[in-house]
Amino acid sequence: MLKKTALTLAVWAGLSSSFAALAAEPLRVAADPVPHAQILAYVQKLDPQLNLKVIEIPNGVNSNELLAHGDVDANYFQHLPYLHSQEQALGQKFAVAATVHIEPLGIYSHRHKNFDQVPQKGTVAVPNNVTNLSRALYLLQDNGLIRLKPGFNDPATDQATPKDIAENPKQLKILEIESPQIPRALDDVDLAVINGNYALEAGLSPAKDALGLEKANHNPYANIVVTTPKLQDDPRIKQLAKDLASPEVAKFINDNYSGSVIPVAGNVQ
């Protein structure tokens, strides 16, 4: 009996040692530079006991592939519809660890001050990936520039393409471009639909500069922290999720992004 008890204690001691070693390892999180890495940098100051290693991802690098290959422990850059499309493309299941903020998609122009000034057969740059392309078309519809076919009612589930445009009064030409490149096209098109993070990186203020902006209420495109099913119960992941849902992080977002980034949890106005 004593031998069995000693063996059990030795096993638990070994497990405790393993957990302690795991906690000592930095949590590697891939993130877009703005605002994701900035928010994580604040979390590091807020909770110095959480050992984060924030890896800023350059354009063109797929953070979900990094996560699938074990090169990072989590990523923070995407919304749920995009994650679902990535799971299908990569044949990989992921796990959502936290829902953090919304970056409203906006319509911008260097040529026009309102939509009435947009000419017939004007050009509109939109993201070329499936989910954000659909999201852009719904935003154009919400601002009266196009009308989608009947049946396209829910942006979260009914993904639209240019082929699904039923009415296009100005005969706008839809140009599909890589999302990070769209801000550079502003001088060459009449309108550009730009993701919030790329707008911020380009020096645009979505809350002030956008001619049309997504609404935050019932928005299915909240940015999330994603990990693997194997790591979803990791105490470091749980602590990161708790920190990101705190009122302090919500206040940091509200104070620093002036409505261009909107916290989902812990909101303090």
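You'll find the structure just up there.
Residues numbered from 1 in each chain as written. Predicted model: local features only at pLDDT ≥ 70, side-chain atom pairs only at ≥ 80, totals over all residues. Heavy atoms only, no water.

Colleague: When you look at the pairing of strand 6 (residues 123-127) in this model, what are you seeing that I'm missing?
Modeller: Note on strand geometry: in a regular strand, side chains alternate between the two faces of the sheet. Within strand 6, 5 of the 5 residues are buried, which leaves it mostly tucked inside the rest of the structure. Direction of pairing for strand 6 relative to strand 9 (residues 173-177): parallel, over a ladder of 5 bridges. Across the sheet, Ala-125 pairs through a bridge with Leu-175, a residue of strand 9. Where strand 6 lies against strand 10 (residues 191-194), 2 bridges are found, and the strand directions are parallel. Bridge assignment links Ala-125 to a residue of strand 10, and that residue is Ala-192. (Buried < 20%, exposed > 50% of the residue type's maximum accessible area, 1.4 Å probe, protein only. Helix = DSSP H or I, 4+ residues; strand = E, 2+ residues; numbered from the N terminus. Pairing = 2+ DSSP bridges.)

Colleague: So what exactly am I meant to see when it comes to unusual backbone geometry here?
Modeller: Glycine aside, residues mostly have negative phi, and peptide bonds are mostly found in the trans state. Here the amide bond leading from Val-34 into Pro-35 is cis, since omega sits at -5°, within 30 degrees of zero. Relative to the elements of secondary structure, Pro-35 occurs in helix 2 (residues 33-46). Positive phi, normally seen in glycine, also occurs at Lys-121, with a value near 60°. For Lys-121, the position within the fold is in the loop between strand 5 (106-108) and strand 6. Positive phi outside glycine occurs at Gln-171, with the angle close to 50°. Position of Gln-171 among the secondary structure elements: in the loop between strand 8 (165-167) and strand 9. The partly exposed category is assigned to Gln-171, whose relative accessible area is 48%.

Colleague: What exactly am I supposed to notice about helix 4 (residues 80-90) here?
Modeller: The α-helix advances 3.6 residues per turn, and as a result positions three or four apart in sequence lie on the same side. Within helix 4, burial applies to Pro-81, Tyr-82, Leu-83, Gln-86 and Glu-87. Buried residues in helix 4 make contact with helix 3 (63-68), strand 3 (74-79), strand 4 (95-102), helix 5 (130-142) and strand 12 (223-227). Directly after helix 4, the chain includes Gly-91, whose backbone phi takes a positive value near 65°. (Contact = heavy atoms within 4.5 Å.)

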